[in-house]
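Chain residues, written in single-letter form:
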Amino acid sequence: MWCRNCNHETNGAKCELCGNETEPVIPTEVFWCDHCNIPIIKEVNDSKTKKCPLCQSDLNYLSADIRPVFPEERLLVEILLDEPMKYHDQSVWANNNRYYFNGKSKVITTKYYKKYDPEYIISELEKYKKLNTYEYFDCFISDFTKANAQRNYYIIDEAHRFIREEASHYPTESVVVSFSGGKDSTVTADLAVKALSEPSLVHIFGNTTLEFPTTLDYAERFRADNPKTIFRIALNREQG
Ligand SMILES: [Zn+2]
Ligand SMILES: [Zn+2]
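These lines cover the structure that appears in this document, whether it is placed above or below.

For the chain, the count of helices and strands is 7 helices and 12 strands. Its C-alpha atoms give the chain principal-axis dimensions of roughly 55 × 50 × 30 Å. The proportion of buried residues among the 240 residues of the chain is 33%. Contacts spanning at least 24 positions in sequence make up 57% of the contacts within the chain whose residues lie at least 6 apart. Distance between charge centroids for the chain: 3 Å, based on 29 positive and 36 negative side chains.

The next point concerns the sheet that holds strand E4 (residues 38-43). Hydrogen bonding along the main chain pairs the strands of a sheet, whether they run parallel or antiparallel. With respect to topology, 3 strands assemble into an open sheet ordered E4-E3-E5, the strand pairing being antiparallel. The open sheet terminates on both sides in strands that have one partner only, identified here as E4 and strand E5 (60-63). On average, adjacent strands in this sheet sit at an angle of 45° to one another, irrespective of strand direction. One ladder, built from 3 bridges, connects strand E3 (residues 28-33) with E5; its direction is antiparallel.

Here we come to the coordination of the zinc ion (ligand 2). Looking at the zinc ion (ligand 2), the protein donor atoms are Cys33 (SG), Cys36 (SG), Cys52 (SG) and Cys55 (SG), and they sit 2.2 to 2.3 Å from it. Coordination geometry of the zinc ion (ligand 2): the 4 donor atoms subtend angles of 99 to 115° at the metal centre, consistent with an arrangement described as tetrahedral. Taken in sequence order, the residues that donate to the zinc ion (ligand 2) follow the motif C-x2-C-x15-C-x2-C. Of this pair, Cys33 sits in strand E3 while Cys52 sits in the loop between E4 and E5; the two residues are 19 residues apart in sequence, bridging distant segments of the chain. In this structure, Cys33 and Cys52 share a single accessibility class: buried.

What follows deals with the coordination of the zinc ion (ligand 1). For the zinc ion (ligand 1), every protein donor is listed as Cys3 (SG), Cys6 (SG), Cys15 (SG) and Cys18 (SG), and the spread of their distances is 2.2 to 2.4 Å. Because the angles between the 4 donor atoms bound to the zinc ion (ligand 1) fall within 102 to 119°, the donor set is best described as tetrahedral. One chain supplies every donor for the zinc ion (ligand 1), spaced along it as C-x2-C-x8-C-x2-C. A residue is classified by how much of its surface remains accessible, and Cys15, at 4% relative accessible area, is buried. Judged by relative accessible area, Cys18 falls into the partly exposed class, the value being 33%.

Turning to the sheet that holds strand E10 (residues 176-179), a few remarks are in order. Spatially, 3 strands are ordered E10-E11-E12 in an open sheet, and the strand pairing comes out parallel. Taken across any chain shown, the strands that pair with only one partner, and hence form the sheet edges, are E10 and strand E12 (230-235). Taken pair by pair, the neighbouring strands of this sheet meet at an average axis angle of 25°, ignoring direction. Two strands pair when backbone bridges link them, and E10 and strand E11 (residues 202-207) are joined in this way by 4 bridges, in the parallel orientation. Each bridged residue has a counterpart across the sheet, and for Phe179 the counterpart in E11 is Phe205.

All right, on to the packing of aromatic side chains then. On inspection of all chains with the given rule, the structure shows 14 aromatic pairs. Measuring from ring centre to ring centre gives 4.8 Å for Phe70 and Phe137, while their planes differ by 40°; the resulting arrangement is tilted. With Phe70 in the loop between strand E6 (67-68) and helix H1 (71-80) and Phe137 in helix H4 (residues 135-147), the pair connects residues that are 67 residues apart, well separated along the chain. Its relative accessible area of 11% is what places Phe137 among the buried residues. Both rings, one in Tyr134 and one in Phe137, keep their centres 5.3 Å apart while their planes meet at 75°; by these two values the pair is edge-to-face.

This brings us to unusual backbone geometry. Positive phi is not limited to glycine here, since Asn96 has a value of about 55°. With respect to the element layout, Asn96 can be found in the loop between strand E7 (92-95) and strand E8 (98-101). With a phi close to 50°, Asn102 is a non-glycine residue in the positive phi region. Relative to the helices and strands, Asn102 is located in the loop between E8 and strand E9 (104-107).

On inspection of all chains with the given rule, the structure shows 14 salt bridges. Across the salt bridge formed by Asp58 and Lys51, the nearest N and O atoms sit 2.6 Å from each other. Given the relative accessible area of 40%, Lys51 is considered partly exposed.

Thresholds, definitions, all that
- Residues numbered from 1 in each chain as written.
- Chains lettered and ligands numbered in written order.
- Predicted model: local features only at pLDDT ≥ 70, side-chain atom pairs only at ≥ 80, totals over all residues.
- Heavy atoms only, no water.
- Helix = DSSP H or I, 4+ residues; strand = E, 2+ residues; numbered from the N terminus.
- Buried < 20%, exposed > 50% of the residue type's maximum accessible area, 1.4 Å probe, protein only.
- Contact = heavy atoms within 4.5 Å.
- Lys, Arg positive; Asp, Glu negative; His and termini not counted.
- Charge placed at Lys NZ, Arg CZ, Asp CG, Glu CD.
- Pairing = 2+ DSSP bridges.
- Axes fitted to C-alpha atoms, helices over the stretch in contact; angles between N-to-C directions.
- Donors = N, O, S within 2.8 Å, 3.2 Å for Na, K, Ca; no water.
- Tetrahedral: all angles 85-135°; square planar, octahedral: opposite > 155°, others 65-115°.
- Phe/Tyr/Trp six-rings, centres within 6.5 Å; stacked < 30°, edge-to-face > 60°.
- Salt bridge = Lys/Arg side-chain N within 4 Å of Asp/Glu carboxyl O.

In structure tokens, the structure reads:
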């Protein structure tokens, strides 16, 4: 449990220092390892030990939160900056409109997105598509996953406990996964199947009839990769 008021971890529902109600989730912040060239996520109360779990180097504060920037998005940003492929071999991350290239930040405001017409951007994206590999991205993601493994186990465990608790209020046959074919529902499906030890959990794919063809392809692939899953399709034309 965490007291936001005192920045202090406690076991109780109330903070013994200030009496405030505590919250279950300890906030995190993101640091940067210059040596590994990746972000390290740490709980706020763990920040005294600002060392990289992989190389033991000292870390520098980066941001409150972070997400990976996939090569496709990185190339788009480079095109807007008139420097296509410049950061291809760099470790690129973002928090809102602030991008981090090897730990150095640059804000990409909306004015950049208005700079070129879509036809030009599409032609540039096509031009560099073949060169824009996942070679470097995959290495940084692999190191990031290793360095933040403890954090990953912690949030998986927390999600499993939450799902088990919520599902316990309903009969098993009423528990379904709402599957949209995106990354969030893919993670949700994996967490729910594992938390409930139920590989034949019903997944409902809400097809709005406006899905991208790649989403439909992915839903088919997901189905083939999870043969035990019961897959139902809900056609919802009203949203269209
Ligand atoms: Zn307190
Ligand atoms: Zn490191």
